[in-house]
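Inside the fold
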Amino acid sequence: MELSHEQLRAIAQQYGTPVYIYNADQIAGQFNRLQNAFKGVNARFFYACKALTNINILKFMKNLGTNLDCVSINEVKLGLAAGFKPKQIMFTPNSVAFSELEEGKELGVNINIDNISFLERFGNKYGGSYPISIRLNPHIMAGGNYKISTGHVDSKFGISIHQMRHIERVVQSTGLHVKGLHLHTGSEIKDINIFLNGLDVMLDIARHFPQVEFLDLGSGFKVPYKDGEASTDVELLGQKVGEAFAKYDKELGKKHQIWFEPGKFLVSESGYFVVKANVIKQTTATVFIGVDSGFNHLIRPMFYEAYHRVENITHPDSDERIYTVVGNICETDTFAWDRKIAETHEGDLLCFYNAGAYGFEMSSNFNSRLRPAEVLVLDGKTHLIRKRDTFEDLLRGQVEVI
Ligand SMILES: *Cc1c(COP(=O)(O)O)cnc(C)c1O
């Protein structure tokens, strides 16, 4: 269940603003929903931790029973620090040094290779001694925004399915052990046919790799941002994937696993970003609410034109007015355009909903602003899980030579 205005106000009063608040119950609810949707399917879920990496979130995920999807060696190390076993970690980097893959191998995690050059190097060095998976680009255009779409023809991700012959040559001549195939076509994919088409492509390719044990469909499950929007129909997807696998397993005479890597789906709705209205500014064009935050704390609206529901949680029942909500960064810094929000006064608290994924995680100190605190609501109690930056943090690591 969503946190109430009252709960959010109390937390903001205790810890100050701006503050990110995460509700553990909602994360558990989303994970349960996925598990139920794929009941009877041989499915494993890897939380794509780039959405939110606070160590407490990682530990909470581990206790729930998720695995972990990592895109950098430091995420891998955070996962291990949180208690995940190496085999529970999938490492899917892009454009990293070969040494980072080797480090992943030393740590014993699942390695997903996304270019032919490294496939060849890995095969030459280790042959079939360390099974790997291959990230493919199926050229399926998917996702809510070009920037978060990864399967299109210009994408830097994966190895094109048109290069299958080359992949096969490398695998044959090096003796690589290919234990899985992977694709991840984008984010915010509502149409489950995108997943099913991707699955078709992979099922077809998997026939050429008899050692394949799992097919990884990545993620991109959508969550509702606007009123009336729906999430990806994971229940229907579970049913369809189950049917496709039953048929395929029977045909090939062995059981395959399906892997998914949900990031946003697990944490987005659990997150609340509470800010304070510093100033109400009437101009000739609009009424601005200027808040004590900026795109340095929540970049999604400016970066992806993302929509976040905004509510006045101090006076939620006042008549609605039309506002433009802006931040305090010294360039265009708009959180929300032309929004109906309960009449807002200076000092009121506003909440951005759906802020758990790619919120704090993409924050910075731009304009020498301090990054917000993070608070976790767990079993009815609130815990500070990251202190607000202090002024000293801005100078930490700098070397004064003058
Ligand atoms: C970002 C990412 C995900 C998660 O995407 P969401 O849209 O947050 O679910 C999964 N797999 C890989 C490889 C990714 O890079």
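Residues numbered from 1 in each chain as written. Predicted model: local features only at pLDDT ≥ 70, side-chain atom pairs only at ≥ 80, totals over all residues. Heavy atoms only, no water.

Looking at an unreviewed UniProt entry, the protein chain carries the name Diaminopimelate decarboxylase, with the source organism given as Arachidicoccus rhizosphaerae. What UniProt states about the protein chain under its Function (unreviewed entry) heading is, verbatim, "Specifically catalyzes the decarboxylation of meso-diaminopimelate (meso-DAP) to L-lysine." (UniProt positions renumbered as here; feature names shortened; annotations may be inferred.)

On to the site of the ligand. If you check the shell around the ligand, you find 15 residues, and the closest are Lys50, Ser187, Ser219, Glu261 and Tyr358. Lysine 50 places a polar side-chain atom, nitrogen or oxygen, 2.7 Å from an oxygen atom of the ligand. Contact distances for the ligand include 2.6 Å between a nitrogen atom and a side-chain N or O atom of glutamate 261. Here the shell around the ligand is composed, by residue class, of 4 nonpolar, 6 polar and 5 charged. (Near = heavy atom within 4 Å. Polar contact = N/O pair within 3.5 Å; in protein donor to acceptor, adjacent residues only side chain to side chain. Nonpolar A, V, L, I, M, F, W, Y, C, P; charged D, E, K, R; others polar.)

So, on to a nonpolar patch on the surface. Together, Val399, Val401 and Ile402 give the surface a local cluster of nonpolar side chains, amounting to about 440 Å² of exposed area. Residue placement: valine 399 occurs in the segment after helix 12 (391-395). For valine 399, a relative accessible area of 68% corresponds to the exposed category. (Patch = residues over 30% accessible without salt bridge, like charges linked within 9 Å, V, L, I, M, F, W, Y side chains within 5 Å. Areas by Shrake-Rupley, 256 points an atom, 1.4 Å probe, with all protein chains shown as cover. Salt bridge = Lys/Arg side-chain N within 4 Å of Asp/Glu carboxyl O. Helix = DSSP H or I, 4+ residues; strand = E, 2+ residues; numbered from the N terminus. Buried < 20%, exposed > 50% of the residue type's maximum accessible area, 1.4 Å probe, protein only.)

On to the UniProt feature "binding site: pyridoxal 5'-phosphate" (unreviewed entry) in the protein chain. The residues that UniProt annotates with the feature "binding site: pyridoxal 5'-phosphate" (unreviewed entry) are Gly220 and Tyr358. Despite a sequence span of 139 residues, these residues sit close together in the fold, their greatest C-alpha distance being 13.1 Å. Each residue touching glycine 220, except ones within four places of it in the same chain, is listed here: His184, Gly186, Ser187, Glu188, Ile189, Phe195 and Thr232. In this fold, tyrosine 358 is placed in the loop between strand 16 (349-353) and strand 17 (373-378). Judged by its relative accessible area of 14%, tyrosine 358 falls in the buried class. Setting aside residues no more than four positions away along its own chain, tyrosine 358 makes contact with Lys50, Ala51, Lys264 and Arg300. (Contact = heavy atoms within 4.5 Å.)

What follows deals with unusual backbone geometry. With an omega of -10°, the peptide bond running from threonine 17 to proline 18 counts as cis. Looking at the secondary structure, you find proline 18 in the loop between helix 1 (5-15) and strand 1 (19-23). Positive phi, normally seen in glycine, also occurs at serine 95, with a value near 60°. Positionally, serine 95 belongs in the loop between strand 4 (89-91) and helix 5 (98-107). Non-glycine residue aspartate 379 carries a positive phi angle of around 50°. Looking at the element boundaries, aspartate 379 is found in the loop between strand 17 and strand 18 (381-386).

Here we take up the nonpolar core. Most often, soluble globular proteins have nonpolar side chains that are buried together. Ranked by size, the top nonpolar core spans 100 residues in total, and within it Tyr47, Ile132, Ile167, Leu181 and Val267 carry the most contacts. Residue contributions to this core peak at 9 residues, all from helix 8 (residues 192-206). Looking at this core, you find at least three residues from each of domain 1 (92-262) and domain 2 (268-388). Excluding anything up to four places from it in sequence, tyrosine 47 contacts Leu52, Ile57, Leu58, Met61, Thr66, Asn67, Leu68, Asp69, Pro262, Gly263, Leu266 and Val267. Membership of the second largest hydrophobic core comes to 16 residues, among which are Ala12, Tyr15, Val19 and Ile21. (Core = buried A, V, L, I, M, F, W, Y, C linked by side-chain atoms within 4.5 Å. Domains from an automatic or database assignment.)

Turning to its location among the elements, threonine 283 is positioned in the loop between strand 11 (271-282) and strand 12 (287-291). The class of threonine 283 is partly exposed, set by a relative accessible area of 27%. Reaching out from threonine 283, the side chain makes a polar contact with the backbone nitrogen of alanine 285 at a distance of 3.1 Å.

Take the domain arrangement of the protein chain next. Entries for the protein chain in the domain assignment read domain 1 (92-262) and domain 2 (268-388). Relative placement of domain 1 and domain 2: their C-alpha centres are 36 Å apart. Residue-level contacts link 9 residues of domain 1 with 9 residues of domain 2. Summing the contributions of domain 1 and of domain 2, the shared interface buries around 860 Å²; its carbon and sulfur component is 53%. Put simply, domain 1 and domain 2 have 1 salt bridge between them. For glutamate 188, the salt bridge goes to arginine 300, with nearest N and O atoms at 3.2 Å. (Buried area = accessible area lost by both parts, 1.4 Å probe.)

Between helix 4 (residues 73-81) and helix 5, the least distance of the axes is 10 Å, while the angle of their chain directions is 20°. Viewed along their axes, helix 4 and helix 5 adopt a mutual orientation that is roughly parallel. Crossing of helix 4 against helix 5: the hand is left-handed. Of helix 5, the residues touching helix 4 (which contributes Ile73, Val76, Lys77 and Leu80) are Glu100, Glu103, Gly104 and Leu107. (Axes fitted to C-alpha atoms, helices over the stretch in contact; angles between N-to-C directions. Parallel < 35°, antiparallel > 145°, perpendicular 65-115°, else oblique. Left-handed = near helix turned anticlockwise from the far one by under 90°.)

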